[in-house]
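Listed below are the residues making up each chain.
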Amino acid sequence: MSRIVIVGGGFGGAFAAKYLRRHLGRDADIEIINSTNYFVFQPLLPEVASGTINAPDAVTPLRYMLKGIRVRMADVIAVDRDKQRITILQGSRRIPQYIDYDHLVIAVGQQTNLEISAGMREHALCMRNLADAHGLRNRVIECLEHADITRDENLKRRLLTFVVAGGGFSGTETIGELIEMIHRTLKFYPNVSKDQIRAVLVQRGDRILPELSRPLGEYAAKKLGKRNVDIRCHASVASATATAVFLDNGERIDTATFISTVGSGPTGFTSELGIDLERGKIPVDEYLQIKGSQSLWALGDAALIPLPSADGEPRFAPPTAQYAVREAKCLAGNIAALHQGRELQAFAFRPWGSLASIGHYSAVAELFGLRLSGLTAWLLWRAIYIGMLPGFSTRLRVALNWLFDYFLPRSIVQIANRRSAATQYRRYARGDVISGEGQIVDGFYTVISGYLESRIPDPHGGEDFVRILGPGDHWGERSLTEHTRTVGTLTAAEDATVMVLPADDFHNLCDAFPVLDDYFEKISDKIYAPSLRKH
């Protein structure tokens, strides 16, 4: 039985799994690995952010969607192409596990490139996943709440200014839904008027929605303009701070909400595959196989997929849902063809068109050569997306959300995640194993009370190295700084409390204070087993 592993649960990965099950049935063991246990319909994220759709209703559990397919919530950290094996991390113990494969399908998508402008990583919100949409909604409600009570006019102006970078589908739909939400909820904020709201859409090109024909882009710009959206073409974000966005023409826009929908780049997983990327993507052939291998495949946003070209100019598949679904069908058919000794088929697809919602019961659409706009395009947009949603229950919930939104006011409940400190406190009872051998450390541990025992076996069969850690002692820095796994066990010698600084925050702290690296370097000879000490 062939073992097929799919990494990524978006359009490409989820539909590849469905089509593979359809082609191969019980002749293949299919497993999909994703960092979350649900499939998110990304075109609906702007409506989640605006409160039109409840966040849980915009997603479908992968286990519900992919019956008969093994689903694993984990992170893939390495691929051994020679052994045809992947390394994953799952659960709280963070012990690497290995999964062998006959075919590996990479469908991890891309991530927003927040390095294109200074300050973007620190201050820009994104629109890539459900958490992003939820976070944007909370930010907008928080701004309205504060603007309604503040007497500081400069602060109020900043709170009521919203900047979106990127005038493509994602940016245009986001600002359209955002301004719709704000206008519909202003009646609950008596000290905020519509003319105090400022929304700015920054687009590098000469018009928004360049994926559509110019007349439709101009129609969308006109509609948004009537709703006081300030569209800045021939401009881009040069930098951002905690209080402002700076454009490349030197203009400063004071704002508390900056959303970036521009710039995509490879995920960390894609970058570490050991494959030479092209245009930030994994190059594949026309059959969706990664070049040079018959067991590796890629599709969706992560893959650079060649398309037939009449004029000889290189063309590649765009990162859209309709392309990803067709790629999944082609890929599944080709894996089945290999199993059955048939000829592989090259990927080719002629899209039926594109649609974009701009809020306020209006949209633009280009379908089979026809141009539609306004309410007709909006109704068509909703009908098509309802049809694309996976599962009857998801379609029903989204349809009911849309129906209720027409008759009922938008909710202004802010369900924000609790802001926790970077450090965490954990209690352990005597005998609890805090960390076992071969784990990847999740943070830097400092003992607050009680005692811990660190036991490291001697590699030559001698006596174990034992270190007792009391209040003020620390553990984990060697594994974090040297990027190694644990070589012993850490156990609570008695009831104890420890403070844990998560790994990412530990690295940030060491980067900001180089003296910490020097400190850890000097003490390693004193506190570690001889086999671990640096010479």
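Right, let's walk through the structure included here. In this text the structure is predicted, and so the values were computed from the model without any measurement.

**Thoughts on unusual backbone geometry**
Here the phi dihedral of arginine 279 falls at roughly 55°; this positive angle occurs in a residue that is not glycine. Relative to the helices and strands, arginine 279 resides in the loop between helix H9 (268-271) and strand E19 (282-283). The phi angle at leucine 288 is positive, at roughly 75°, despite the residue not being glycine. When its relative accessible area of 0% is taken as the criterion, leucine 288 is described as buried.

**Quick word on the nonpolar core**
In terms of nonpolar packing, the biggest core is built from 118 residues, with Leu44, Ile86 and Phe347 touching the most fellow members. Ranked by the residues each element gives to this core, the list is headed by helix H10 (residues 321-340), at 11 residues. Ignoring any residue separated from it by four or fewer positions in sequence, one finds leucine 44 in contact with Ile53, Trp381, Tyr385, Leu389, Val398 and Trp402. Core analysis: the second largest hydrophobic core is formed by 21 residues, Tyr445, Val447, Ala503 and Ile523 among them.

**With respect to empty space enclosed by the protein**
Going through the model one piece at a time under the given rule, you end up with three cavities of 30 Å³ or more. Considering only enclosed or pocket space, the second largest cavity measures out at about 70 Å³ in volume. Surrounding the second largest cavity, Glu47, Thr52, Glu177, Glu180, Arg184, Gly359, His360, Tyr361, Trp378, Arg382, Asp405 and Arg410 form its lining. The set of elements that each furnish at least two residues to the lining of the second largest cavity consists of helix H7 (169-185) and helix H11 (375-388). Here the residues of the lining of the second largest cavity are counted per class, giving two nonpolar, three polar and seven charged.

**A look at H10**
For the α-helix, the turn length of 3.6 residues means that residues three or four positions removed from each other point alike. The first and last C-alpha atoms of H10 sit 29 Å apart over 20 residues, in line with the 28 Å expected at 1.5 Å per residue. When you tally the buried positions in H10, you get 15 out of 20 residues, the bulk of the element. Glycine 341, located one to two residues past H10, shows a positive phi value of around 70°.

**Examining the sheet that holds strand E28 (residues 433-435)**
Strand order in this open sheet of four strands is E28-E33-E30-E31, and the pairing throughout is antiparallel. Only two strands of the sheet have a single partner each, and these edge strands are E28 and strand E31 (465-469). Across this sheet, the average inter-strand angle for adjacent strands is 25°, counted without regard to direction. Across two bridges, the pairing between E28 and strand E33 (residues 489-492) is antiparallel.

**A short note on the packing of aromatic side chains**
What the rule picks out here adds up to 17 aromatic pairs. Where tyrosine 406 meets phenylalanine 407, the ring centres are 5.1 Å apart and the plane angle is 85°; that geometry is what we call edge-to-face. Using a relative accessible area of 53% as the deciding quantity, one classes tyrosine 406 as exposed. Taking relative accessible area as the criterion, phenylalanine 407 reaches 60% and is therefore assigned exposed. An aromatic cluster is defined as three or more aromatic residues linked by ring pairs; in this entry it consists of Phe11, Phe15, Phe39, Phe41, Trp381, Tyr385 and Trp402. Lysine 67 extends its terminal NZ or CZ atom over the ring of tyrosine 64, reaching a point 4.1 Å from the ring centre.

The rules we used
Residues numbered from 1 in each chain as written. Predicted model: local features only at pLDDT ≥ 70, side-chain atom pairs only at ≥ 80, totals over all residues. Heavy atoms only, no water. Helix = DSSP H or I, 4+ residues; strand = E, 2+ residues; numbered from the N terminus. Buried < 20%, exposed > 50% of the residue type's maximum accessible area, 1.4 Å probe, protein only. Core = buried A, V, L, I, M, F, W, Y, C linked by side-chain atoms within 4.5 Å. Contact = heavy atoms within 4.5 Å. 1 Å grid on protein atoms, 1.4 Å probe; cavity = no way out; pocket = protein on both sides within 12 Å on 5 of 7 lines; lining within 4 Å. Points joined across faces, edges and corners; volume = space filled by probe spheres on them. Nonpolar A, V, L, I, M, F, W, Y, C, P; charged D, E, K, R; others polar. Expected span 1.5 Å × (residues − 1). Pairing = 2+ DSSP bridges. Axes fitted to C-alpha atoms, helices over the stretch in contact; angles between N-to-C directions. Phe/Tyr/Trp six-rings, centres within 6.5 Å; stacked < 30°, edge-to-face > 60°. Lys NZ or Arg CZ within 6 Å of the ring centre and 35° of its normal.

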